[in-house]
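# Close look at the chain arrangement
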Amino acid sequence: MLELRNVSHEVSGKKILNNISMKFISGRKYAILGTNGAGKSTIGYVMMGLDGYKPTSGQIFLNGNDITNFNVFERAKAGITLMWQEPARYDGLTIYTYLTLGGKLDVTKDEVEEALEKVGLSPKIYLNRFVDKSLSGGERKRVELASIILLKPKFVILDEPDSGIDLMSLDMINQVIDFIADYGGTPIVITHREEMAYNTEEAYLLCAGKILANGETKQVIQIFKNICDTCDHPNSPVSKELKIDGR
Ligand SMILES: Nc1ncnc2c1ncn2[C@@H]1O[C@H](COP(=O)(O)OP(=O)(O)OP(=O)(O)O)[C@@H](O)[C@H]1O
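Presented here is an overview of the structure given in this document. (Residues numbered from 1 in each chain as written. Predicted model: local features only at pLDDT ≥ 70, side-chain atom pairs only at ≥ 80, totals over all residues. Heavy atoms only, no water.)

As a general point, the strands of a sheet are linked pairwise by backbone hydrogen bonds and lie either parallel or antiparallel. Pairing is antiparallel across the open sheet formed by 4 strands, whose spatial order is β2-β1-β4-β5. Each edge of the open sheet carries a strand with a single partner, namely β2 (14-24) and β5 (65-66). Summarising the sheet, strand β1 (residues 2-11) and β2 pair through 7 bridges and their orientation is antiparallel. In the strand pairing of β2, Val 11 is matched with Lys 14. On top of the sheet, helix α1 (residues 40-48) reaches β1, β2 and β4 (57-62); it is set at about 65° to β2, its chief contact. (Pairing = 2+ DSSP bridges. Helix = DSSP H or I, 4+ residues; strand = E, 2+ residues; numbered from the N terminus. Contact = heavy atoms within 4.5 Å. Axes fitted to C-alpha atoms, helices over the stretch in contact; angles between N-to-C directions.)

Here it is, written out as structure tokens:
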């Protein structure tokens with residue numbers, strides 16, 4: 001289990017995250033839902049341990065061990081992965097080299113081709129393409145999803161996985177999310193779109209760095225629609241956390 005306990009994150013005196021507590025159980029599918037600027041990506045960066053995103057207060061635990069002071073490499077080694085909203089480019093690396101970690105990953109060429117097919121990239125066309133600016137943003141995102149299929153990380157934070165990918169591909173992304181849960185991993189989908197959250201089981205609704213609601217995804221989406229869609233002061237949180245029964 002990955003757990004955030006009373007995590008706050010301040011930048012120049014502004015609380016971007018305010019006393020966040022979250023639990024992510026292995027094999028369960030999660031969404032972190034909220035409008036633009038709610039603090040969703042910041043939570044992803046804090047969980048991943050990126051430079052400059054150490055909690056100002058609070059702790060992060062992985063299977064009961066305090067990993068608050070682990071850096072990004074130590075967290076990656078421990079099984080936490082972040083799929084960026086804007087995936088990185090790796091000039092000079094082919095998709096095949098990238099996906100096999102330069103041959104270090106114990107996978108066959110067939111498995112690499114199968115992973116590419118699962119994300120809608122024809123191996124014949126893409127295997128030897130470079131992971132550089134010649135790939136579109138959506139193609140790079142698909143390559144990242146193929147990498148998740150091959151690496152099978154324990155906790156996968158997917159930051160706006162559908163951004164840059166056409167709507168038709170929502171099913172493909174949902175299949176990857178199911179695949180992660182099926183191998184016992186934990187997908188954590190960061191999104192401002194309820195459509196992207198529907199395939200998860202549990203959701204956290206964020207507003208102005210605070211948790212407004214947590215519970216079964218369908219119920220949290222209902223609250224998102226009732227409160228956030230009609231809110232005339234986005235990112236000014238209502239005063240108390242809404243608890244949903246039957247968690
Ligand atoms: N370094 C920083 N300095 C000042 N404000 C920051 C900094 N980083 C983030 N913020 C602010 O913190 C808030 C949360 O940002 P974050 O990127 O986590 O939101 P988000 O929910 O992921 O939004 P989006 O859906 O637009 O990606 C925003 O108001 C953002 O402007």
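Attention shifts here to the nonpolar core. Ile 95, Leu 99, Val 119, Leu 145 and Leu 158 are the most contacted members of the largest nonpolar core, which totals 32 residues. Of all the elements in the fold, those that place two or more residues in this core are α3 (95-99), α4 (109-118), α6 (137-151), β9 (155-159) and α7 (170-182). Excluding residues that lie within four positions of it along the chain, Leu 99 makes contacts with Leu 105, Val 112, Leu 116, Val 143, Ala 146, Ser 147 and Leu 150. Counting residues in hydrophobic clusters, the runner-up holds 29 residues, among them Leu 4, Phe 24, Tyr 30 and Ile 157. (Core = buried A, V, L, I, M, F, W, Y, C linked by side-chain atoms within 4.5 Å. Buried < 20%, exposed > 50% of the residue type's maximum accessible area, 1.4 Å probe, protein only.)

Now for the packing of aromatic side chains. Evaluation of the coordinates by the stated rule reveals 6 aromatic pairs. When the ring of Phe 24 is compared with that of Tyr 30, the centres are 5.0 Å apart and the planes differ by 80°; the resulting orientation is edge-to-face. Tyr 30 matches Phe 24 in its accessibility class, with the two residues each being buried. Ring geometry for Tyr 90 versus Tyr 98: centroids 5.0 Å apart, planes at 25°, classification stacked. Exposure remark for Tyr 98: the relative accessible area of 15% places this residue in the buried category. The ring of Phe 61 has Arg 5 sitting right over it, with the charged end atom 4.0 Å from the ring centre. (Phe/Tyr/Trp six-rings, centres within 6.5 Å; stacked < 30°, edge-to-face > 60°. Lys NZ or Arg CZ within 6 Å of the ring centre and 35° of its normal.)

Here we come to the packing of α6 against α7. Here α6 crosses α7 at 20°, and the two axes come no closer than 10 Å. One element, α6, and the other, α7, form an angle in the roughly parallel class. Every pair of crossing elements has a handedness; the one defined by α6 and α7 is left-handed. Residue-level contacts link Arg 142, Leu 145, Ile 148 and Ile 149 of α6 to Met 172, Ile 173, Val 176, Phe 179 and Ile 180 of α7. A breakdown of the residues in the contact of α6 with α7 according to their chemical character gives 8 nonpolar, no polar and 1 charged. (Parallel < 35°, antiparallel > 145°, perpendicular 65-115°, else oblique. Left-handed = near helix turned anticlockwise from the far one by under 90°. Nonpolar A, V, L, I, M, F, W, Y, C, P; charged D, E, K, R; others polar.)

What follows covers the side chain of Glu 202. Looking at the element boundaries, Glu 202 is found in strand β11 (residues 202-207). Residue Glu 202 is classed as buried on the basis of its relative accessible area of 8%. There is a polar contact of 3.1 Å between the side chain of Glu 202 and the side chain of Asn 214. (Polar contact = N/O pair within 3.5 Å; in protein donor to acceptor, adjacent residues only side chain to side chain.)

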